[in-house]
Amino acid sequence: MSVRNQSSEQSAESVHRAGFACFVGRPNAGKSTLTNALVGKKVAITSNRPQTTRHTVRGIVHRPDAQLILVDTPGLHKPRTLLGERLNDVVRATWAEVDVIGFCLPANEKLGPGDRFIAKELAGIKRTPKVAVVTKTDLVDSKTLAEQLIALDQLGKELGFEWAEIVPVSAVGDQQVGLLADLLIPMMPKSPPLYPEGDLTDEPEQVMVAELIREAALEGVRDELPHSIAVVVEEMLPREDRPADRPLLDIHANIYIERPSQKGIIIGPKGKRLKDVGIQSRKQIEALLGTPVFLDLHVKVAKDWQRDPKQLRKLGF
Ligand SMILES: Nc1nc2c(ncn2[C@@H]2O[C@H](COP(=O)(O)OP(=O)(O)OP(=O)(O)O)[C@@H](O)[C@H]2O)c(=O)[nH]1
Ligand SMILES: [Mg+2]
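Each chain carries its own residue numbering, running from 1 in the written order of its sequence. Written order determines the labels here, with chains lettered from A and ligands numbered from 1. Only residues with pLDDT of at least 70 are given local features in this predicted model, and only at 80 or more are side-chain atom pairs given and counted; all residues enter the totals for whole chains, interfaces and linings. The side-chain quantities take in all heavy atoms of the structure and omit both hydrogens and water.

*Asks:* Outline the packing of helix α7 (residues 205-218) against helix α10 (residues 272-289), supporting the account with residue identities and numerical values.
*Replies:* One way to put it is that α7 packs onto α10 with a least axis distance of 8 Å and a crossing angle of 145°. Along this stretch, α7 crosses α10, giving a crossing that reads as right-handed. Note on element contacts: α10 touches α7 through Arg273, Val277, Gln280, Ser281, Gln284, Ile285, Leu288 and Leu289, opposite Glu205, Met208, Val209, Leu212, Ile213, Ala216 and Ala217. Classification convention: Asp, Glu, Lys, Arg as charged; Ala, Val, Leu, Ile, Met, Phe, Trp, Tyr, Cys, Pro as nonpolar; all other residues, Gly among them, as polar. Split into classes, the residues belonging to the contact of α7 with α10 amount to ten nonpolar, three polar and two charged. Note on method: axes are straight lines fitted to C-alpha atoms, helices fitted across the in-contact stretch only, with angles between N-to-C directions ranging 0 to 180 degrees. Note on conventions: DSSP H or I runs of at least 4 residues are helices, E runs of at least 2 residues are strands, and numbering of each starts at the N terminus. In a left-handed crossing the near helix is turned counterclockwise from the far helix by less than a right angle, and in a right-handed crossing that turn is clockwise. In what follows, residue pairs with any heavy atoms lying within 4.5 Å of each other are defined as contacts.

*Asks:* Describe the site of ligand 1, listing the residues and the values that go with them.
*Replies:* Near is defined per residue: the residue qualifies when any heavy atom it owns lies within 4 Å of the molecule or strand. By nearness alone, 21 residues border ligand 1, and Lys31, Thr33, Gln51, Thr52 and Asp138 come closest of all. N or O atoms within 3.5 Å of each other form a polar contact, as long as, within protein, one can give a hydrogen and the other can take it, and as long as residues adjacent in sequence are counted only when both atoms are side-chain atoms. Take Gln51: an N or O atom from its main chain is 2.7 Å from an oxygen atom of ligand 1. Using a 1.4 Å probe, the Shrake-Rupley method yields the accessible areas, and only the shown protein chains count as cover for residues. Protein chains bury 88% of the 650 Å² of accessible surface belonging to ligand 1 in isolation. Of the residues assigned to the shell around ligand 1, the class counts are six nonpolar, twelve polar and three charged.

*Asks:* An account of the packing of aromatic side chains is requested, with residue identities and associated values reported.
*Replies:* Stacked, edge-to-face and tilted labels apply to pairs of Phe, Tyr and Trp rings (six-membered ring for Trp) whose centres lie within 6.5 Å, assigned for plane angles under 30 degrees, over 60, and everything in between, in that order. Enumeration according to the criterion identifies three aromatic pairs in this entry. With centroids separated by 5.5 Å and ring planes inclined at 10°, the aromatic side chains of Phe103 and Trp163 adopt a geometry described as stacked. Within this pair, whereas Phe103 is found in strand β4 (residues 100-106), its partner Trp163 is found in the loop between α5 (142-158) and β6 (165-168), the two being separated by 60 residues in sequence. Here Phe103 and Trp163 have matching classes, each one buried. Judged by centre distance (6.0 Å) and plane angle (10°), the rings of Trp305 and Phe317 are stacked. On the criterion of sequence distance, the pair formed by Trp305 in the loop between β9 (293-301) and α11 (309-314) and Phe317 in the segment after α11 is long-range, its members being twelve residues apart. Partly exposed describes any residue whose relative accessible area lies between the buried limit of under 20% and the exposed limit of over 50%, with all areas from a 1.4 Å probe on protein chains only and scaled to the type maximum.

*Asks:* Tell me what's going on with the packing of helix α2 (residues 31-39) against helix α6 (residues 177-184), and back it up with residues and numbers.
*Replies:* Axis separation between α2 and α6 bottoms out at 9 Å; the angle between their running directions is 85°. When the axes of α2 and α6 are compared, the pair comes out roughly perpendicular. Contacts between α2 and α6 involve Leu34, Ala37 and Leu38 from the first element and Val177, Leu180 and Ala181 from the second. Considered class by class, the residues forming the contact of α2 with α6 number six nonpolar, no polar and no charged. When an angle is under 35 degrees it counts as roughly parallel; over 145 it counts as roughly antiparallel; between 65 and 115 it counts as roughly perpendicular; any other value is oblique.

Okay, here's the thing in C-alpha coordinates:
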(Lines give C-alpha, C1' and ligand atoms only; values in the text may rest on other atoms or scores of the structure.)
(Ligands and ions follow the chains in the order given, each with its own letter.)
Protein backbone atom coordinates (compact mmCIF):
# COMPACT_ATOMS: atom_id res chain seq x y z
CA MET A 1 0.00 0.00 0.00
CA SER A 2 2.64 2.50 1.07
CA VAL A 3 4.71 1.71 -2.01
CA ARG A 4 1.78 2.61 -4.26
CA ASN A 5 1.21 5.87 -2.47
CA GLN A 6 4.80 6.82 -2.85
CA SER A 7 4.88 6.20 -6.57
CA SER A 8 1.72 8.21 -7.17
CA GLU A 9 3.22 11.11 -5.27
CA GLN A 10 6.32 10.92 -7.36
CA SER A 11 4.39 10.90 -10.63
CA ALA A 12 2.34 13.87 -9.44
CA GLU A 13 5.52 15.92 -9.35
CA SER A 14 6.67 15.03 -12.83
CA VAL A 15 3.35 14.75 -14.60
CA HIS A 16 3.53 15.19 -18.34
CA ARG A 17 0.44 16.11 -20.33
CA ALA A 18 -0.28 15.67 -24.01
CA GLY A 19 -3.45 15.98 -26.00
CA PHE A 20 -5.48 17.68 -28.66
CA ALA A 21 -7.27 21.01 -28.87
CA CYS A 22 -9.14 22.03 -31.98
CA PHE A 23 -10.08 25.49 -33.16
CA VAL A 24 -13.48 25.90 -34.73
CA GLY A 25 -15.35 28.94 -35.92
CA ARG A 26 -16.78 30.43 -39.03
CA PRO A 27 -14.52 31.09 -42.01
CA ASN A 28 -12.03 33.93 -41.59
CA ALA A 29 -12.27 33.95 -37.78
CA GLY A 30 -8.49 33.72 -37.43
CA LYS A 31 -8.10 30.04 -36.53
CA SER A 32 -5.11 29.30 -38.73
CA THR A 33 -3.31 32.52 -37.82
CA LEU A 34 -3.77 31.64 -34.16
CA THR A 35 -2.53 28.09 -34.73
CA ASN A 36 0.61 29.44 -36.38
CA ALA A 37 1.18 31.95 -33.59
CA LEU A 38 0.92 29.25 -30.92
CA VAL A 39 3.26 26.90 -32.79
CA GLY A 40 5.64 29.76 -33.57
CA LYS A 41 5.89 28.74 -37.21
CA LYS A 42 3.63 28.76 -40.24
CA VAL A 43 2.03 25.34 -40.38
CA ALA A 44 -1.27 26.47 -41.91
CA ILE A 45 -1.82 28.96 -44.70
CA THR A 46 -3.97 32.01 -44.04
CA SER A 47 -5.72 34.62 -46.13
CA ASN A 48 -8.32 37.32 -45.89
CA ARG A 49 -10.63 35.18 -48.06
CA PRO A 50 -13.11 33.01 -46.19
CA GLN A 51 -12.72 29.22 -46.45
CA THR A 52 -8.98 29.17 -46.82
CA THR A 53 -8.31 26.03 -44.78
CA ARG A 54 -9.48 22.85 -46.50
CA HIS A 55 -8.21 20.08 -44.29
CA THR A 56 -7.35 19.69 -40.64
CA VAL A 57 -3.84 20.87 -39.93
CA ARG A 58 -2.01 19.77 -36.82
CA GLY A 59 0.39 22.16 -35.16
CA ILE A 60 2.41 21.06 -32.15
CA VAL A 61 3.34 23.21 -29.16
CA HIS A 62 6.20 21.79 -27.07
CA ARG A 63 6.70 22.52 -23.38
CA PRO A 64 9.01 20.73 -20.96
CA ASP A 65 6.01 19.22 -19.20
CA ALA A 66 3.50 19.11 -22.02
CA GLN A 67 2.72 18.70 -25.65
CA LEU A 68 -0.30 20.55 -26.96
CA ILE A 69 -1.48 19.43 -30.36
CA LEU A 70 -3.62 22.02 -32.07
CA VAL A 71 -6.00 20.91 -34.76
CA ASP A 72 -6.87 23.78 -37.05
CA THR A 73 -10.09 23.06 -38.92
CA PRO A 74 -11.81 24.55 -41.96
CA GLY A 75 -14.30 27.31 -41.15
CA LEU A 76 -17.76 25.87 -40.56
CA HIS A 77 -20.26 27.39 -42.96
CA LYS A 78 -23.46 26.80 -44.84
CA PRO A 79 -22.26 24.50 -47.62
CA ARG A 80 -23.05 25.39 -51.20
CA THR A 81 -20.95 22.72 -52.85
CA LEU A 82 -19.97 19.12 -52.26
CA LEU A 83 -16.56 20.40 -51.20
CA GLY A 84 -18.27 22.58 -48.58
CA GLU A 85 -20.16 19.57 -47.25
CA ARG A 86 -16.99 17.52 -47.06
CA LEU A 87 -15.18 20.28 -45.20
CA ASN A 88 -17.97 20.58 -42.65
CA ASP A 89 -17.91 16.80 -42.13
CA VAL A 90 -14.19 16.99 -41.44
CA VAL A 91 -14.79 19.66 -38.79
CA ARG A 92 -17.49 17.71 -37.00
CA ALA A 93 -15.45 14.52 -37.05
CA THR A 94 -12.63 16.40 -35.33
CA TRP A 95 -14.82 17.42 -32.36
CA ALA A 96 -15.15 13.82 -31.31
CA GLU A 97 -11.40 13.32 -31.22
CA VAL A 98 -10.12 16.22 -29.17
CA ASP A 99 -9.70 16.93 -25.47
CA VAL A 100 -10.86 20.53 -25.66
CA ILE A 101 -12.65 22.61 -28.28
CA GLY A 102 -11.66 26.24 -28.86
CA PHE A 103 -14.49 28.25 -30.35
CA CYS A 104 -13.07 31.28 -32.19
CA LEU A 105 -14.96 34.53 -32.61
CA PRO A 106 -13.38 37.66 -34.08
CA ALA A 107 -13.48 40.69 -31.78
CA ASN A 108 -14.34 43.02 -34.63
CA GLU A 109 -17.47 41.26 -35.86
CA LYS A 110 -20.80 40.99 -34.10
CA LEU A 111 -21.72 37.55 -32.87
CA GLY A 112 -24.03 36.41 -35.66
CA PRO A 113 -26.26 33.53 -36.76
CA GLY A 114 -23.24 31.61 -38.12
CA ASP A 115 -21.53 31.72 -34.71
CA ARG A 116 -24.74 30.79 -32.89
CA PHE A 117 -25.23 27.84 -35.18
CA ILE A 118 -21.76 26.50 -34.39
CA ALA A 119 -22.04 27.15 -30.66
CA LYS A 120 -25.38 25.34 -30.60
CA GLU A 121 -23.79 22.27 -32.11
CA LEU A 122 -20.96 22.48 -29.61
CA ALA A 123 -23.49 22.57 -26.78
CA GLY A 124 -24.48 19.05 -27.81
CA ILE A 125 -20.96 17.76 -27.14
CA LYS A 126 -21.33 17.46 -23.41
CA ARG A 127 -18.17 15.73 -22.29
CA THR A 128 -15.59 17.97 -24.00
CA PRO A 129 -14.64 21.25 -22.32
CA LYS A 130 -15.18 24.29 -24.53
CA VAL A 131 -13.04 27.40 -24.47
CA ALA A 132 -14.19 30.59 -26.14
CA VAL A 133 -11.44 32.52 -27.89
CA VAL A 134 -12.01 36.10 -28.97
CA THR A 135 -9.56 36.64 -31.82
CA LYS A 136 -8.14 39.78 -33.46
CA THR A 137 -8.35 41.90 -30.31
CA ASP A 138 -5.87 44.36 -31.84
CA LEU A 139 -8.67 45.56 -34.12
CA VAL A 140 -11.02 46.84 -31.40
CA ASP A 141 -11.08 49.15 -28.40
CA SER A 142 -11.51 47.82 -24.89
CA LYS A 143 -15.22 48.63 -24.75
CA THR A 144 -16.00 46.62 -27.88
CA LEU A 145 -13.88 43.78 -26.56
CA ALA A 146 -15.70 43.78 -23.23
CA GLU A 147 -19.04 43.62 -25.05
CA GLN A 148 -17.86 40.65 -27.07
CA LEU A 149 -16.73 38.81 -23.95
CA ILE A 150 -20.12 39.42 -22.36
CA ALA A 151 -21.95 38.31 -25.51
CA LEU A 152 -20.03 35.05 -25.47
CA ASP A 153 -20.72 34.45 -21.81
CA GLN A 154 -24.42 34.99 -22.45
CA LEU A 155 -24.39 32.74 -25.48
CA GLY A 156 -23.04 29.90 -23.35
CA LYS A 157 -25.71 30.47 -20.72
CA GLU A 158 -28.46 30.59 -23.38
CA LEU A 159 -27.31 27.28 -24.74
CA GLY A 160 -27.06 25.71 -21.31
CA PHE A 161 -23.33 25.37 -20.83
CA GLU A 162 -20.45 27.25 -19.29
CA TRP A 163 -17.27 28.03 -21.22
CA ALA A 164 -14.28 26.58 -19.38
CA GLU A 165 -12.50 29.85 -20.21
CA ILE A 166 -13.15 32.95 -22.27
CA VAL A 167 -9.84 34.24 -23.60
CA PRO A 168 -9.17 37.32 -25.73
CA VAL A 169 -6.12 37.01 -28.00
CA SER A 170 -4.40 38.75 -30.84
CA ALA A 171 -2.33 36.42 -32.98
CA VAL A 172 -1.06 39.27 -35.13
CA GLY A 173 -0.28 41.50 -32.14
CA ASP A 174 1.07 38.57 -30.08
CA GLN A 175 -1.26 39.36 -27.19
CA GLN A 176 -2.17 36.56 -24.78
CA VAL A 177 -1.18 33.80 -27.20
CA GLY A 178 1.12 32.18 -24.63
CA LEU A 179 -1.57 32.56 -22.00
CA LEU A 180 -4.01 30.62 -24.16
CA ALA A 181 -1.53 27.73 -24.32
CA ASP A 182 -1.08 27.95 -20.54
CA LEU A 183 -4.84 27.61 -20.09
CA LEU A 184 -5.27 24.76 -22.56
CA ILE A 185 -2.42 22.57 -21.31
CA PRO A 186 -3.93 21.73 -17.89
CA MET A 187 -7.00 20.46 -19.79
CA MET A 188 -4.89 17.84 -21.55
CA PRO A 189 -4.77 14.30 -20.17
CA LYS A 190 -1.70 12.90 -18.49
CA SER A 191 0.29 11.31 -21.27
CA PRO A 192 3.80 10.96 -22.57
CA PRO A 193 4.62 13.08 -25.65
CA LEU A 194 2.70 11.96 -28.74
CA TYR A 195 5.06 13.45 -31.31
CA PRO A 196 8.84 13.47 -31.55
CA GLU A 197 10.59 16.41 -29.92
CA GLY A 198 10.86 19.35 -32.28
CA ASP A 199 8.14 18.28 -34.74
CA LEU A 200 5.91 21.28 -35.35
CA THR A 201 3.41 19.59 -37.64
CA ASP A 202 2.68 16.23 -39.23
CA GLU A 203 1.78 17.75 -42.58
CA PRO A 204 3.63 16.03 -45.42
CA GLU A 205 6.07 18.37 -47.18
CA GLN A 206 4.30 17.92 -50.49
CA VAL A 207 1.03 19.11 -48.97
CA MET A 208 2.67 22.11 -47.33
CA VAL A 209 4.26 23.08 -50.63
CA ALA A 210 0.92 22.86 -52.44
CA GLU A 211 -0.67 24.97 -49.72
CA LEU A 212 2.01 27.68 -49.98
CA ILE A 213 1.36 27.89 -53.72
CA ARG A 214 -2.38 28.13 -53.09
CA GLU A 215 -1.81 30.84 -50.49
CA ALA A 216 0.16 32.89 -53.02
CA ALA A 217 -2.50 32.26 -55.68
CA LEU A 218 -5.24 33.49 -53.33
CA GLU A 219 -3.53 36.83 -52.94
CA GLY A 220 -5.41 39.47 -54.87
CA VAL A 221 -8.13 37.31 -56.45
CA ARG A 222 -11.73 38.15 -55.76
CA ASP A 223 -15.29 36.88 -55.72
CA GLU A 224 -15.67 33.17 -56.37
CA LEU A 225 -12.18 32.62 -57.66
CA PRO A 226 -10.50 31.82 -54.31
CA HIS A 227 -12.87 28.89 -53.85
CA SER A 228 -12.16 27.63 -57.35
CA ILE A 229 -8.42 27.29 -56.83
CA ALA A 230 -6.85 23.96 -55.91
CA VAL A 231 -3.17 23.06 -56.08
CA VAL A 232 -1.56 19.66 -56.48
CA VAL A 233 2.18 19.03 -56.36
CA GLU A 234 2.82 16.37 -58.98
CA GLU A 235 6.51 15.84 -58.34
CA MET A 236 9.34 16.97 -56.08
CA LEU A 237 12.76 15.69 -57.10
CA PRO A 238 16.34 16.83 -56.51
CA ARG A 239 17.87 17.90 -59.83
CA GLU A 240 20.41 15.39 -61.02
CA ASP A 241 23.99 16.33 -61.90
CA ARG A 242 24.13 19.08 -59.30
CA PRO A 243 27.21 19.48 -57.09
CA ALA A 244 26.50 18.62 -53.44
CA ASP A 245 27.02 22.22 -52.36
CA ARG A 246 24.56 23.58 -54.95
CA PRO A 247 21.49 21.40 -54.78
CA LEU A 248 18.26 22.29 -56.58
CA LEU A 249 14.84 20.85 -55.96
CA ASP A 250 12.54 20.60 -58.96
CA ILE A 251 8.90 21.03 -58.05
CA HIS A 252 6.14 20.51 -60.60
CA ALA A 253 2.72 21.66 -59.53
CA ASN A 254 -0.66 22.23 -61.12
CA ILE A 255 -2.97 25.04 -60.19
CA TYR A 256 -6.54 23.92 -60.90
CA ILE A 257 -9.43 26.22 -61.58
CA GLU A 258 -13.02 25.35 -62.41
CA ARG A 259 -13.74 27.08 -65.67
CA PRO A 260 -11.70 28.03 -68.74
CA SER A 261 -12.76 31.67 -68.21
CA GLN A 262 -10.81 31.74 -64.93
CA LYS A 263 -7.56 30.80 -66.59
CA GLY A 264 -6.83 34.30 -67.84
CA ILE A 265 -7.32 35.79 -64.38
CA ILE A 266 -4.89 33.39 -62.72
CA ILE A 267 -2.28 33.74 -65.44
CA GLY A 268 -2.68 37.52 -65.78
CA PRO A 269 -1.62 39.82 -68.60
CA LYS A 270 1.44 38.35 -70.29
CA GLY A 271 1.62 35.74 -67.55
CA LYS A 272 2.47 38.30 -64.91
CA ARG A 273 0.17 37.05 -62.14
CA LEU A 274 1.29 33.46 -62.47
CA LYS A 275 4.89 34.59 -62.43
CA ASP A 276 4.29 36.57 -59.24
CA VAL A 277 2.59 33.58 -57.64
CA GLY A 278 5.67 31.54 -58.56
CA ILE A 279 8.11 34.07 -57.12
CA GLN A 280 6.08 34.56 -53.96
CA SER A 281 5.53 30.89 -53.20
CA ARG A 282 9.04 29.84 -54.17
CA LYS A 283 10.46 32.11 -51.49
CA GLN A 284 8.22 30.51 -48.89
CA ILE A 285 8.94 26.99 -50.10
CA GLU A 286 12.69 27.58 -50.01
CA ALA A 287 12.38 28.90 -46.46
CA LEU A 288 10.33 25.87 -45.47
CA LEU A 289 12.57 23.24 -47.04
CA GLY A 290 15.88 25.04 -46.65
CA THR A 291 16.96 24.37 -50.21
CA PRO A 292 16.89 26.28 -53.51
CA VAL A 293 13.87 25.39 -55.60
CA PHE A 294 12.95 25.44 -59.26
CA LEU A 295 9.19 25.81 -59.37
CA ASP A 296 7.30 24.79 -62.48
CA LEU A 297 3.66 25.90 -62.32
CA HIS A 298 0.88 24.99 -64.73
CA VAL A 299 -2.72 26.13 -64.76
CA LYS A 300 -5.33 23.51 -65.58
CA VAL A 301 -9.10 23.35 -65.68
CA ALA A 302 -10.84 20.72 -63.57
CA LYS A 303 -14.41 21.45 -64.56
CA ASP A 304 -16.64 22.29 -61.57
CA TRP A 305 -14.39 20.28 -59.29
CA GLN A 306 -16.01 21.57 -56.10
CA ARG A 307 -19.22 19.77 -57.04
CA ASP A 308 -17.86 16.68 -58.75
CA PRO A 309 -17.13 13.67 -56.53
CA LYS A 310 -14.66 12.21 -58.99
CA GLN A 311 -12.68 15.42 -59.35
CA LEU A 312 -12.77 15.95 -55.59
CA ARG A 313 -11.23 12.54 -55.07
CA LYS A 314 -8.51 13.31 -57.59
CA LEU A 315 -7.73 16.53 -55.75
CA GLY A 316 -7.50 14.74 -52.44
CA PHE A 317 -10.88 15.46 -50.81
N1 LIG B 1 -5.59 42.23 -37.19
C2 LIG B 1 -5.61 40.90 -37.04
N3 LIG B 1 -5.92 40.14 -38.10
C4 LIG B 1 -5.94 38.79 -37.92
C5 LIG B 1 -5.65 38.19 -36.68
N6 LIG B 1 -5.77 36.85 -36.82
C7 LIG B 1 -6.10 36.65 -38.12
N8 LIG B 1 -6.21 37.82 -38.78
C9 LIG B 1 -6.52 37.99 -40.21
O10 LIG B 1 -7.81 37.44 -40.48
C11 LIG B 1 -7.83 36.81 -41.77
C12 LIG B 1 -8.28 35.39 -41.65
O13 LIG B 1 -7.32 34.67 -40.92
P14 LIG B 1 -7.21 33.07 -41.00
O15 LIG B 1 -6.30 32.66 -39.91
O16 LIG B 1 -6.89 32.63 -42.38
O17 LIG B 1 -8.71 32.65 -40.65
P18 LIG B 1 -9.34 31.18 -40.54
O19 LIG B 1 -10.29 31.21 -39.40
O20 LIG B 1 -8.27 30.16 -40.50
O21 LIG B 1 -10.15 31.10 -41.91
P22 LIG B 1 -10.67 29.77 -42.71
O23 LIG B 1 -9.51 28.87 -42.90
O24 LIG B 1 -11.16 30.35 -43.98
O25 LIG B 1 -11.76 29.18 -41.88
C26 LIG B 1 -6.41 36.96 -42.33
O27 LIG B 1 -6.38 38.06 -43.20
C28 LIG B 1 -5.57 37.21 -41.09
O29 LIG B 1 -4.41 37.97 -41.35
C30 LIG B 1 -5.30 39.04 -35.57
O31 LIG B 1 -5.02 38.62 -34.46
N32 LIG B 1 -5.31 40.39 -35.82
MG1 LIG C 1 -7.91 28.61 -41.73
